[in-house]
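Listed below, chain by chain, are the residues.
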Amino acid sequence: MSFSYASVADRIYSRRSSELYDNIAYLHHPSGVTVVVLRSIPDSEVVSVDFGSTKKHGADRSTNQVSGKGKKGALILQTDSKLCTFKCKDGTEHVVRAGVRGTLVEMNDRLKTHPDLIRTAPDNQGFIAIITYGAGVRDTDGMGDPLPKKRLVLKSN
């Protein structure tokens, strides 16, 4: 006998694809908050994540401080805004872009010390960023079709 359950993330959020980039997915909450996660998981271990801490890559987005109801200090994102770049053990480098217009509320600074979370736990501890939208906006352009829910299958002996 086996039981199949939707993952905790899929019970709370709707999983959506990106219209522009095939390497990310969005976990969209009905309140309008969106969590950016990795959709295509690399085979090789992730060894570093760069949030733009050099002059070449721009301001470090992970140190940005956001406060208050109006999200004072949040960065405004365009669809092509780069969120981070991560490097794998096999030498490949992947760029993660926002894909939607919105306000960057938080970057996952846990990825600085544990970069492989982006590969091993992409829907929870390994999320990339949290994005919100303007007042009253619950959905946005740039989100693609709904993706299938991840299922947890429990088997009994």
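Along each chain, residue indices are assigned from 1 in the same order as the chain's sequence is written. Confidence filtering applies because this is a predicted model: local features only for residues at pLDDT of at least 70, side-chain atom pairs given and counted only at 80 or more, and all residues used for totals across whole chains, interfaces and linings. Side-chain metrics rest on all non-hydrogen atoms present in the structure, leaving aside hydrogens and water.

**Q** I'd like a rundown of the nonpolar core, residues and numbers included.
**A** Put simply, buried Ala, Val, Leu, Ile, Met, Phe, Trp, Tyr and Cys residues joined by side-chain atoms within 4.5 Å make one nonpolar core. Buried, partly exposed and exposed residues are distinguished by accessible area as a fraction of the type maximum, computed with a 1.4 Å probe on protein chains only: under 20%, between the cut-offs, and over 50%, respectively. By size, the foremost hydrophobic cluster in this structure holds 26 residues, and its most contacted members are Val36, Leu83, Phe86, Val96 and Ile128. Numbering of helices and strands starts at the N terminus; helices are DSSP runs of H or I of at least 4 residues and strands are runs of E of at least 2. Elements with a contribution of two residues or more to this core: strand 3 (24-28), strand 4 (34-38), strand 5 (46-50), strand 7 (82-88), strand 9 (102-107), helix 3 (117-120) and strand 10 (129-132). If you tally residues by element for this core, the top one is strand 7, at 4 residues. Judged by nonpolar contacts, the second largest core, of 8 residues, contains Ala25, Val37, Phe127 and Ile130.

**Q** Residues and numbers for a nonpolar patch on the surface, please.
**A** Side chains of Phe3, Tyr5 and Leu154 sit close together on the surface and give an oily, nonpolar patch of about 290 Å² of accessible area. When you line up the elements, Leu154 lands in strand 12 (residues 151-155). A residue is classified by how much of its surface remains accessible, and Leu154, at 41% relative accessible area, is partly exposed. Nonpolar side chains (Val, Leu, Ile, Met, Phe, Trp, Tyr) are joined into patches within 5 Å and like charges within 9 Å, using only residues with over 30% relative accessible area and no salt bridge. Using the Shrake-Rupley algorithm and a 1.4 Å probe, accessible areas are obtained, with residue cover drawn only from the displayed protein chains. Whenever Lys or Arg places a side-chain nitrogen within 4 Å of a carboxyl oxygen from Asp or Glu, that contact is recorded as a salt bridge.

**Q** Can you lay out the pairing of strand 3 for me, pointing to particular residues and giving the numbers?
**A** Across the 5 residues of strand 3, 5 count as buried, placing the element largely inside the fold. A two-sided burial pattern is seen for strand 3, the buried positions comprising Ile24, Tyr26 and His28 on one face and Ala25 and Leu27 on the other. Only strands joined by at least two bridges in the DSSP assignment are considered to pair. Judged from the 4 bridges that link them, strand 2 (residues 14-18) and strand 3 form a sheet pairing that is antiparallel. Residue pairing across strands places Arg15 opposite Leu27, the latter belonging to strand 3. In this structure, the hairpin formed by strand 2 and strand 3 is closed by a connection of 5 residues. By the bridge criterion, 5 bridges tie strand 3 to strand 4 in an arrangement that is antiparallel. Along strand 4, the bridge assignment pairs His28 with Thr34. Linking two consecutive strands that pair antiparallel, namely strand 3 and strand 4, is a turn of 5 residues; a positive phi of about 105 degrees is found at Gly32 within it.

**Q** I'd love a proper account of the sheet that holds strand 5, names of residues and values included.
**A** Reading across from one edge, 5-7-8 is the order of the 3 strands in this open sheet, with antiparallel pairing throughout. Of all the strands in the sheet, the pair left with one neighbour each is strand 5 and strand 8 (93-97). Strand after strand, the sheet turns through a mean of 20 degrees between neighbouring axes, direction not considered. In this description, a line fitted to the C-alpha atoms serves as the axis of each element, helices being fitted only across the stretch in contact, and the angle between N-to-C directions of two axes falls anywhere from 0 to 180 degrees.

**Q** Could you give an account of the sheet that holds strand 9, naming the residues involved and the relevant values?
**A** Spatial strand order, 6-9-10-4-3-2-11: 7 strands in an open sheet with antiparallel pairing. Edge positions in the sheet fall to strand 6 (75-77) and strand 11 (143-146), since each of these pairs with one other strand and no more. The average undirected angle you get between the axes of adjacent strands in this sheet is 40 degrees. Sheet topology note: the strand 9/strand 10 ladder contains 4 bridges and is antiparallel. Paired with Met107 across the two strands is Ala129, which belongs to strand 10.

**Q** Give a detailed account of the pairing of strand 2, specifying residues and quantitative values.
**A** For strand 2, the buried fraction is high: 4 of the 5 residues fall into the buried class. In this structure, strand 2 lies alongside strand 11, joined through 2 bridges in antiparallel fashion. Following the sheet pairing, Ser18 is matched in strand 11 by Met143.

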